Amino acid sequence: MSDLHLHHLQKSRSFRILWLLEELGVPYQLTSYERNKSFLAPKSLERIHPVGKSPILEVKGLDPKHPDNSTALIESGHIIDYLMAKYDTNYELHPKTDTDDAAWRDYDFWMHYAEASAMPALVMRLVFSKVVERSPALIKPIAKGIRKQVEASMITKNVNNSLELVEQTLSNNQFFAGSEFTAADIQMAFFVEAANSGAGLDEVRYTSTLNWLKRCQGRPAYKAAVAKGGKLEF
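Residues numbered from 1 in each chain as written. Predicted model: local features only at pLDDT ≥ 70, side-chain atom pairs only at ≥ 80, totals over all residues. Heavy atoms only, no water.

## Things to note about the overall build of the protein chain
No. 1: When helices and strands are counted, the protein chain shows seven helices and four strands.
No. 2: N-terminal to C-terminal, the α/β element order of the protein chain is β-α-β-β-β-α-α-α-α-α-α.
No. 3: On C-alpha atoms alone, the protein chain measures out to a radius of gyration of 19 Å, which is about the 17 Å that the 2.2 N^0.38 rule sets for 234 residues.
No. 4: Burial statistics for the protein chain: of 234 residues in total, 42% are counted as buried. (Helix = DSSP H or I, 4+ residues; strand = E, 2+ residues; numbered from the N terminus. Rg over C-alpha atoms; globule rule 2.2 N^0.38 Å. Buried < 20%, exposed > 50% of the residue type's maximum accessible area, 1.4 Å probe, protein only.)

Right, here's the structure in full:
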């Protein structure tokens, strides 16, 4: 039995951890969960961690008093940091911590930017789309009007600002931390794939971003993660 057990919710951020585990090539156990009719995580995840959200990575042996027990880690960034420190000892997927090194600063920036600045607007877009989708027929026109106003005043601008920053960065670099693929690319890929869903990103405006995404999706570990955990659909 592996010391790692990933609880993976389909169509969620936990795809990042599944992909990273495949990149690392470490043994792990995988349990996948389907979203319920409300597009939420099932209650069964609360038995693993009280927050009840995915990703959850159970790690055996972290408690020295109970080495056979597992500790549940949550939050994509935290889990990635743990996996890098524990398993990426040759620094193949993350730079050494060095404040004078541009690659490390870029890596650290994008690891935080993904959830702190990029994702909130897309989550808001998803929430408002679900509100409209589930609104009773009599108030659906009102819900659509509110969504349209919020989209125009807040969401679109924030998403576009992030995409412009991403495009500028990838116009000058192969990957987010420079010339080499790192875990920062895994962290940012969820945002880019979500933004590219539906009608898709403009191929002229976001040429570098889409080329980067193709490089990521072409990696054997990405393909293995899709085969095991399902394709990301938004």
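## Concerning the pattern of salt bridges
No. 1: In total, this model carries eight salt bridges according to the counting rule given.
No. 2: Taking the shortest distance from any N to any O, the salt bridge between Glu-46 and Lys-43 comes out at 3.5 Å.
No. 3: We classify Glu-46 as partly exposed; its relative accessible area is 39%.
No. 4: Three or more residues are tied together by salt bridges with common partners; here these are Arg-13, Arg-16 and Glu-115. (Salt bridge = Lys/Arg side-chain N within 4 Å of Asp/Glu carboxyl O.)

## So, a nonpolar patch on the surface
No. 1: Taken together, the side chains of Leu-138, Ile-139, Ile-142 and Ile-146 present a nonpolar region at the surface, about 440 Å² in accessible area.
No. 2: Here Ile-146 shows up in helix H4 (residues 140-172). (Patch = residues over 30% accessible without salt bridge, like charges linked within 9 Å, V, L, I, M, F, W, Y side chains within 5 Å. Areas by Shrake-Rupley, 256 points an atom, 1.4 Å probe, with all protein chains shown as cover.)

## Section: the packing of helix H1 (residues 14-24) against helix H5 (residues 183-195)
No. 1: In contact at an axis separation of 10 Å, H1 and H5 are set at 155 degrees when each is read in the N-to-C sense. Taken together, the axes of H1 and H5 lie roughly antiparallel to each other. The two elements H1 and H5 cross, and the hand of that crossing is right-handed. Between H1, through Arg-16, Trp-19, Leu-20 and Glu-23, and H5, the contact on the second element is made entirely by Ala-183, Ile-186, Gln-187, Ala-189 and Phe-190.
No. 2: Across the contact of H1 with H5, the residue classes tally to six nonpolar, one polar and two charged. (Axes fitted to C-alpha atoms, helices over the stretch in contact; angles between N-to-C directions. Parallel < 35°, antiparallel > 145°, perpendicular 65-115°, else oblique. Left-handed = near helix turned anticlockwise from the far one by under 90°. Contact = heavy atoms within 4.5 Å. Nonpolar A, V, L, I, M, F, W, Y, C, P; charged D, E, K, R; others polar.)

## Focus on the nonpolar core
No. 1: In terms of nonpolar packing, the biggest core is built from 59 residues, with Trp-19, Leu-20, Leu-83, Phe-191 and Trp-212 touching the most fellow members.
No. 2: It is H5 that contributes the most residues to this core, 10 residues altogether.
No. 3: Beyond its immediate chain neighbours, meaning those up to four positions away, Leu-83 contacts Leu-4, Ile-17, Leu-20, Leu-21, Leu-24, Leu-57 and Asp-88.
No. 4: Counting residues in each nonpolar core, the second largest holds five residues, with Leu-9, Tyr-33, Leu-45 and Ile-74 among its members. (Core = buried A, V, L, I, M, F, W, Y, C linked by side-chain atoms within 4.5 Å.)

## Thoughts on H5
No. 1: Its 13 residues place the ends of H5 19 Å apart at the C-alpha level, agreeing with the 18 Å of an ideal helix rising 1.5 Å per residue.
No. 2: When the local axis directions of H5 are compared, the greatest deviation, roughly 30 degrees, occurs at Ala-189.
No. 3: With 13 of 13 residues buried, H5 lies mostly within the body of the structure. (Expected span 1.5 Å × (residues − 1). Bend = angle between axes of the 7 residues up to and from the residue.)

## Here we look at the environment of Leu-4
No. 1: If you trace the backbone, Leu-4 turns up in strand S1 (residues 4-9).
No. 2: Once residues within four sequence positions are removed from consideration, Leu-4 is found in contact with Leu-21, Val-26, Pro-27, Tyr-28, Gln-29, Leu-57, Glu-58, Val-59, Leu-83 and Tyr-87.

## Concerning the side chain of Ser-162
No. 1: Note that Ser-162 resides in helix H4.
No. 2: Residues contacting Ser-162, with those up to four places away along its chain left out, are Tyr-113, Ser-117, Ala-118 and Phe-191.

## Points about unusual backbone geometry
No. 1: Between Ser-54 and the following residue, Pro-55, the backbone shows a cis peptide bond with an omega angle of 15 degrees.
No. 2: As for its placement among the helices and strands, Pro-55 is situated in the loop between strand S2 (29-33) and strand S3 (56-60).
No. 3: Positive phi, close to 55 degrees, is recorded for Tyr-91, a residue that is not glycine.
No. 4: With respect to the helices and strands, Tyr-91 occurs in the loop between helix H2 (76-87) and helix H3 (102-134).

Note that all results are geometric; they support no functional claim without further evidence.
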